[in-house]
Structure formats: structure tokens, C-alpha cells
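Residue-level structural notes
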Amino acid sequence: MEFNLNICNETDFSIDKDKFIFAIKLLLKKCDIKANEIKIDLNIVFARNIAKINKKYRKINDSTDVLSFSYINDRDFVNSSKNIIYLGEIFIAPDVIKKNAEKYETVFEQELSRVLIHGLLHLFGYEHEGSRKKCVEMEQMEKSIGLSFKNKKVYFLKNTKV
């Protein structure tokens, strides 16, 4: 299986691409999704820019740590004949993640891992808004994936100046 991970970074923050692909593979296995090629865009942006995106698409005038736009159910982004799936886009704001890590009294690396897993789950169709059942399903998958990473001491962080 080929992974096409496009990272667009407007900050001095850096993600370990191999570990992120490991997370994608783990989710593909857990969700029983098979494809010849998987495509994902990861955008690393400042808080002010994620706030603009949040306002435009969710009508929330505030920054957030992660936004995900899933294309998994959109036929325009799935090439069935070649078995290529464009899962979607994730936007993360490391400066917001850092503030949240302090707020929740955790280390930045753990909060970053949680946020990236959360964003990936949205690309795979998981939701936490709406029904309680959907929320519980997503929380259970987050914990399952998070434990897999914790046991392997996998963090997505490279050298950074956050």
C-alpha cells in the first residue's frame, strides 16, 4: 500500500512523517479499509489561521487545536478502479495544542498525539457530535489507538521550537 502524505507547514514545527503513517496504517487495519493508495493532506498552521478556517466552515469564531475534513464518502475523492482513497485534510495548530497541554496538565507530545489521532479518526468517518453512541465509539477508538501508541512510546514530534 502506498501512502501519499502531503504536509503543508507554515510554522517551524515538525511532524515525524513515518510515525504519522504508522498511525494511519493502524487505523486502516482497525477500520478494515484496504486500498492501493491512501492520500492525506496535513496542514500545520498558526492559531489565527485555524481560527479563520473554523469560522468559515464551522461558524465558530475561535481557534481550535485540530480541524478535519473527511472525503472518504465523497465519490470525487475515491478512485474505485485504481483503489485510491483520498481520506481528506487535517489542520493542526501547534500553538493551540501547547496551550491545551498546559491547561490539561499533560506534556505537549501526548497532547499532540491525541490531537492527531482525533483528526485521523474524523477522516475515517468517526464523529463525536450528534448522538451519544457516536461519541462513545470515537472515544473508545481514541483510547484504543492512544494505548497502542503509548505502549510503543510513539510520539509524532520531531525537533521543534513550540
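These numbers come from a predicted model, not from an experiment.

Once that is clear, we can look at the overall build of the protein chain. Counting its secondary structure elements, the protein chain contains five helices and five strands. Reading the secondary structure of the protein chain in the N-to-C direction produces β-α-β-α-β-β-β-α-α-α. When each of the 162 residues of the protein chain is scored for burial, the buried share is 47%. Long-range pairs, those at least 24 residues apart, make up 70% of the contacts in the protein chain with a sequence separation of at least 6. Accessible area for the protein chain stands at about 9400 Å²; split by element, carbon and sulfur atoms hold 47% of it.

On to the packing of helix 1 (residues 17-30) against helix 4 (residues 108-123), then. Interaxial distance between helix 1 and helix 4 falls to 11 Å at its minimum, and their mutual angle equals 45°. In terms of orientation, helix 1 lies oblique with respect to helix 4. Crossing of helix 1 over helix 4 shows right-handed handedness. When helix 1 is examined against helix 4, the residues Phe-20, Ala-23, Ile-24 and Leu-27 are found in contact with a partner set consisting of Leu-116, Leu-120 and Leu-121.

Let us now look at helix 4. In this model, helix 4 (16 residues) spans 23 Å end to end at C-alpha, consistent with the 22 Å of a helix rising 1.5 Å per residue. Of all 16 residues making up helix 4, 13 are buried, and the element is well covered by its neighbours. One or two residues past the end of helix 4 sits Gly-125, with phi positive at roughly 95°.

Okay, the nonpolar core next. In this structure, Ile-15, Phe-20, Ile-38, Leu-42, Ile-92 and Leu-120 are the most contacted members of the largest nonpolar core, which totals 37 residues. Listed by contribution, the elements that provide at least two residues to this core are strand 1 (2-9), helix 1, strand 2 (37-44), strand 5 (84-92), helix 4 and helix 5 (132-152). By residue number, the principal contributor to this core is helix 4, which donates eight residues. Counting 11 residues, the second largest nonpolar core, distinct from the first, contains Ile-53, Leu-67, Phe-69 and Val-96.

Moving on to the confidence of the model for the protein chain. Residues shown with low pLDDT carry predicted positions that ought not to be read at fine detail. Per-residue pLDDT for the protein chain averages 82, and the proportion of residues at 70 or more is 86%. Of all the helices and strands in the protein chain, strand 4 (residues 78-79) carries the lowest mean pLDDT, 68, while helix 2 (residues 47-58) carries the highest, 96.

Taken as a whole and assessed by the stated rule, the structure comprises four aromatic pairs. On the numbers, 5.8 Å between centres and 80° between planes, the contact of Phe-13 with Phe-108 is edge-to-face. Of this pair, Phe-13 sits in the loop between strand 1 and helix 1 while Phe-108 is found in helix 4, placing the two residues 95 residues apart along the sequence. The burial state of Phe-13 is the same as that of Phe-108; both residues are buried. Pairing Phe-69 with Phe-91 gives two aromatic rings, centres 5.9 Å apart and planes at 90°, and the pair type is edge-to-face. Of this pair, Phe-69 sits in strand 3 (residues 66-70) while Phe-91 is found in strand 5, placing the two residues 22 residues apart along the sequence. Across the pair, Phe-91 and Phe-69 agree in class, each one buried. A network of ring pairs unites the aromatic residues Tyr-57, Phe-69 and Phe-91 as a single cluster.

Procedures and definitions
- Residues numbered from 1 in each chain as written.
- Predicted model: local features only at pLDDT ≥ 70, side-chain atom pairs only at ≥ 80, totals over all residues.
- Heavy atoms only, no water.
- Helix = DSSP H or I, 4+ residues; strand = E, 2+ residues; numbered from the N terminus.
- Buried < 20%, exposed > 50% of the residue type's maximum accessible area, 1.4 Å probe, protein only.
- Contact = heavy atoms within 4.5 Å.
- Areas by Shrake-Rupley, 256 points an atom, 1.4 Å probe, with all protein chains shown as cover.
- Axes fitted to C-alpha atoms, helices over the stretch in contact; angles between N-to-C directions.
- Parallel < 35°, antiparallel > 145°, perpendicular 65-115°, else oblique.
- Left-handed = near helix turned anticlockwise from the far one by under 90°.
- Expected span 1.5 Å × (residues − 1).
- Core = buried A, V, L, I, M, F, W, Y, C linked by side-chain atoms within 4.5 Å.
- pLDDT = per-residue confidence, 0-100.
- Phe/Tyr/Trp six-rings, centres within 6.5 Å; stacked < 30°, edge-to-face > 60°.

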